[in-house]
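Now for the letters of each chain:
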Amino acid sequence: DVKVTQSSRYLVKRTGEKVFLECVQDMDHENMFWYRQDPGLGLRLIYFSYDVKMKEKGDIPEGYSVSREKKERFSLILESASTNQTSMYLCASSLYSEAFFGQGTRLTVV
Amino acid sequence: QQQVKQSPQSLIVQKGGISIINCAYENTAFDYFPWYQQFPGKGPALLIAIRPDVSEKKEGRFTISFNKSAKQFSLHIMDSQPGDSATYFCAASQNNNDMRFGAGTRLTVKP
């Protein structure tokens, strides 16, 4: 089974902190994605990567950056966390079309 | 602005009934249209998907209907069961890359 693992289920951070969300997949997938999920807004694409060291902006990249130094790992970075970044963050990976999701990280910024 | 518009936001259906969720898109470059199912506390999981060269795909009680000219597609759940209660997302992608999702539909199937 494909496994996408997000490092934390729940995180509480303070405004202004630098926050790292880590995601690891074990199936040698080319593509990896970061989404945030908010009620009534569905899943919104923040960034995606189709290869090591490659990244593309999604629909809401402002306030975020990403890093993909190894194929299996895709990190989302909140440079200076703000309260409007309180959300559920979902990582996914895909090889062809089907995307496999992690269980999500519930981030609260206080 | 969402590239995939989904409706309704919530849906209540009696056990045994038909659940219908609709989606519309604008980008004609999209070539893959999946539906994902999400249970509380879990990430979304692929339920069924279609490519634009066919108008319908059926897997068990789940059917996708696809209308390329109208740029619309829908999910039909036949004989809906309480275990189908979940949030459903439609999505669209092109060239196996950036996948865009709808806003989601929370389905409740009453026993």
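Residues numbered from 1 in each chain as written. Chains lettered and ligands numbered in written order. Predicted model: local features only at pLDDT ≥ 70, side-chain atom pairs only at ≥ 80, totals over all residues. Heavy atoms only, no water.

## Concerning the interface of chain A and chain B
Across the boundary between the two partners, chain A contributes 23 residues, which contact 21 residues of chain B. By the criterion of area lost to chain B, the three top residues of chain A are Leu 43, Ser 97 and Phe 101 of chain A, representing 27% of everything that side buries. Where chain A meets chain B, there are one salt bridge. Residue Arg 100 of chain B is joined to Asp 59 of chain A by a salt bridge in which the shortest nitrogen-to-oxygen separation is 2.7 Å. Summed over the shared surface of chain A and chain B, the number is six residue pairs in polar contact (both at pLDDT 80 or more). Elements with a contribution of two residues or more to the side of chain A that touches chain B: β4 (31-38), β5 (42-49), β9 (87-94) and β10 (99-101) of chain A. (Contact = heavy atoms within 4.5 Å. Buried area = accessible area lost by both parts, 1.4 Å probe. Salt bridge = Lys/Arg side-chain N within 4 Å of Asp/Glu carboxyl O. Polar contact = N/O pair within 3.5 Å; in protein donor to acceptor, adjacent residues only side chain to side chain. Helix = DSSP H or I, 4+ residues; strand = E, 2+ residues; numbered from the N terminus.)

## Notes on the sheet that holds strand β1 (residues 4-7) of chain B
Residues and elements named next belong to chain B. Across the sheet, which stays open at both edges, the five strands sit in the order β1-β3-β8-β7-β6 with antiparallel pairing between neighbours. Since the sheet does not close on itself, it has two edges, and those belong to β1 and β6 (56-59), each with one partner. Going across the sheet, the axis of each strand differs from the next one's by a mean of 15°, ignoring polarity. Where β6 meets strand β7 (residues 62-67), four bridges bridge the pair, whose relative direction is antiparallel. In the strand pairing of β7, Glu 56 is matched with Ser 65. (Pairing = 2+ DSSP bridges. Axes fitted to C-alpha atoms, helices over the stretch in contact; angles between N-to-C directions.)

## Re the pattern of salt bridges
All names here are of chain A. Counting across every chain of the model gives 10 salt bridges over all chains. Of the charged contacts, one joins Asp 38 and Arg 36 as a salt bridge, the two residues approaching to 2.9 Å between their closest N and O atoms. Given a relative accessible area of 11%, Asp 38 falls into the buried group. Given the relative accessible area of 8%, Arg 36 is considered buried. (Buried < 20%, exposed > 50% of the residue type's maximum accessible area, 1.4 Å probe, protein only.)

## Notes on the packing of aromatic side chains
According to the stated counting rule, one finds 17 aromatic pairs over all chains in the structure shown. Seen in terms of ring centroids, Phe 33 of chain A and Phe 48 of chain A are 6.1 Å apart; in terms of plane orientation they differ by 25°. Their pairing is stacked. One end of the pair, Phe 33 of chain A, is in strand β4; the other, Phe 48 of chain A, is in strand β5, with 15 residues separating them in the sequence. On the basis of relative accessibility, which here comes to 1%, the residue Phe 33 of chain A falls in the buried class. One aromatic cluster is present, formed by Phe 33, Tyr 35, Phe 48 and Phe 101 of chain A together with Tyr 36, Phe 89 and Phe 101 of chain B through successive ring pairs. (Phe/Tyr/Trp six-rings, centres within 6.5 Å; stacked < 30°, edge-to-face > 60°.)

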